[in-house]
Amino acid sequence: MQRRYDAGAFRPASMHGLLTEEDIPYRRVSARVVYTVGGIERRADVRLLTPKGKRADQMPVIWYDPADPARVTGFGPGATLPFFGLSAVMALLAYCWST
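It should be emphasised that the depicted structure is a prediction, and the values quoted were computed from it without experimental measurement.

A. A look at the overall build of the protein. Helix and strand counts for the protein come out as one helix and four strands. For the protein, the α and β elements follow one another from N to C terminus as β-β-β-β-α. Within the protein, the proportion of its 99 residues that are buried is 14%. If you take every contact in the protein between residues at least 6 apart in sequence, the share linking residues at least 24 apart comes to 39%. When the accessible surface of the protein is split by element, carbon and sulfur atoms take 59% of a total near 8600 Å².

B. A look at the pattern of salt bridges. Throughout the structure, instances matching the rule amount to three salt bridges. For Arg32, the salt bridge is made with Asp45, and the minimal N-O distance between the two is 2.7 Å. In this pair, Arg32 is assigned in strand S1 (residues 26-37) and Asp45 in strand S2 (residues 40-51), connecting sequence segments 13 residues apart. By the burial criterion, Arg32 is exposed, and Asp45 matches it. Of the charged contacts in the structure, one is a salt bridge between Arg43 and Glu41, with a shortest N-O distance of 3.2 Å. On the basis of relative accessible area, Arg43 is assigned to the exposed category, the value being 59%. You can call Glu41 partly exposed: its relative accessible area is 48%.

Conventions and cut-offs
- Position numbers for residues start from 1 in each chain and track the written sequence from start to end.
- Local features in this predicted model are restricted to residues of pLDDT 70 or higher, and side-chain atom pairs are both shown and tallied only at a pLDDT of 80 or more, whereas totals for entire chains, interfaces and linings draw on every residue.
- The side-chain numbers reported here are obtained from all heavy atoms of the structure, hydrogens and water having been left aside.
- We count a stretch as a helix when DSSP gives it H or I for four or more residues in a row; a strand needs E for two or more, and each element gets its number in order from the N terminus.
- Buried residues are those whose accessible area, probed at 1.4 Å on protein chains only, stays under 20% of the maximum for their type, while exposed residues exceed 50% and partly exposed ones sit between those limits.
- When checking whether two residues touch, look at their non-hydrogen atoms; a contact exists if any pair is within 4.5 Å.
- For every accessible area listed, the method is Shrake-Rupley and the probe measures 1.4 Å; residues are considered covered only by the protein chains on display.
- Note on definitions: salt bridges are taken to be side-chain nitrogens of Lys or Arg within 4 Å of carboxyl oxygens of Asp or Glu.

Next comes the structure, spelled out in structure tokens:
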């Protein structure tokens, strides 16, 4: 029995420019949330990023601005920490390389 090896079949779909909705393990959903701040009940529509196969109400993490509780988001500091970490590493490498 003879097998044929196709290296292109093992590349991620994004390398071929064929990235589809099925290739992305997360999905964006909108959720209507009700939360209480200072005894005042507030409602907002929030965009969330949830893993496929899980319902949005199983894991909502909602962030609001204490100065303006009407500003609500589903993306907290965890979404930006990797970016800041990478930026710090790049700045440190640039500083070390320039000296």
